[in-house]
Amino acid sequence: MAKVDRRIAKSQVAIKNAVTELMSEKGFDDITIQDIADRADVNRGTIYLHYSDKYDLLDKMIEEHIENLRELCQSASEMTFQEGNYVWYEYFERNYLFFSTMLASKGAPYFRSRFLDLVIEEFKAEVDIAAEKNNGLNEEVVLQFFASAVVGSVEWWFKNEMPLPARIMAEQTGALLDRNFE
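Residues numbered from 1 in each chain as written. Predicted model: local features only at pLDDT ≥ 70, side-chain atom pairs only at ≥ 80, totals over all residues. Heavy atoms only, no water.

On to the packing of aromatic side chains. Summed over the entire model, instances satisfying the criterion amount to 18 aromatic pairs. Judged by centre distance (5.6 Å) and plane angle (90°), the rings of Tyr89 and Phe92 are edge-to-face. Placement of the pair is Tyr89 and Phe92 together in helix H5 (residues 81–94), with a separation of 3 residues, close to one helical turn. Both rings, one in Tyr91 and one in Phe99, keep their centres 5.8 Å apart while their planes meet at 70°; by these two values the pair is edge-to-face. Judged by its relative accessible area of 1%, Phe99 falls in the buried class. Through a chain of ring-to-ring contacts, the aromatic side chains of Trp88, Tyr89, Tyr91, Phe92, Tyr96, Phe98, Phe99, Phe111, Phe115, Trp157 and Phe158 assemble into a single cluster. Here the guanidinium or amino end of Lys54 rests over the ring plane of Phe28, the centre of that ring lying 4.9 Å away. When the ring centre of Tyr86 is taken as origin, the NZ or CZ atom of Arg167, which lies over that ring, is 3.6 Å away. (Phe/Tyr/Trp six-rings, centres within 6.5 Å; stacked < 30°, edge-to-face > 60°. Helix = DSSP H or I, 4+ residues; strand = E, 2+ residues; numbered from the N terminus. Buried < 20%, exposed > 50% of the residue type's maximum accessible area, 1.4 Å probe, protein only. Lys NZ or Arg CZ within 6 Å of the ring centre and 35° of its normal.)

All told, the structure shown has 10 salt bridges when counted by the stated rule. When the shortest N-O distance is used, the salt bridge between Glu64 and Lys16 registers 2.5 Å. Residue Glu64 is located in helix H4 (residues 54–75), and its partner Lys16 is located in helix H1 (residues 6–25); the two are separated by 48 residues in the primary sequence. Judged by its relative accessible area of 35%, Glu64 is partly exposed. Between Arg39 and Glu21 there is a salt bridge, with its nearest N and O atoms 3.3 Å apart. With Arg39 in helix H2 (residues 33–40) and Glu21 in helix H1, this pair connects stretches of sequence that are 18 residues apart. (Salt bridge = Lys/Arg side-chain N within 4 Å of Asp/Glu carboxyl O.)

What follows is the structure, encoded as structure tokens:
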């Protein structure tokens, strides 16, 4: 993979941070490329070098975080749900402004949908409808139920400004998943 020039990487980080900050202040539809450029302290042209418009920028930010979460899932595949959840909650905590903005903002339903899809995809291998406790249940219903619970728990955590430490959230949500997927 080609090495990215440090100045380009620095500009991209500034642009992404600017979008996230602006979205925490006002709706995405109200944000202009000029707002982003001013906040990131770059020229508008610099943004257009990397992104076709603000929607492309937001899509790429979302996909980057979804891919990072997918990689964390792969690295945690041999862990219990409690241990694996902690890896996610640490990541959520490190990227608090992005996730709290995405989950609290009505301007980013696409993120919630992508997040839900990721959780369903990751749980698919865990669902065993032949197992005694899930015998006779529809696999899609089980997947939707638990994925929605995970996404809802994360939303609650952010909307309430992380009232419990990441470790406690991971342990408690992990214990609930372990009970049902063992």
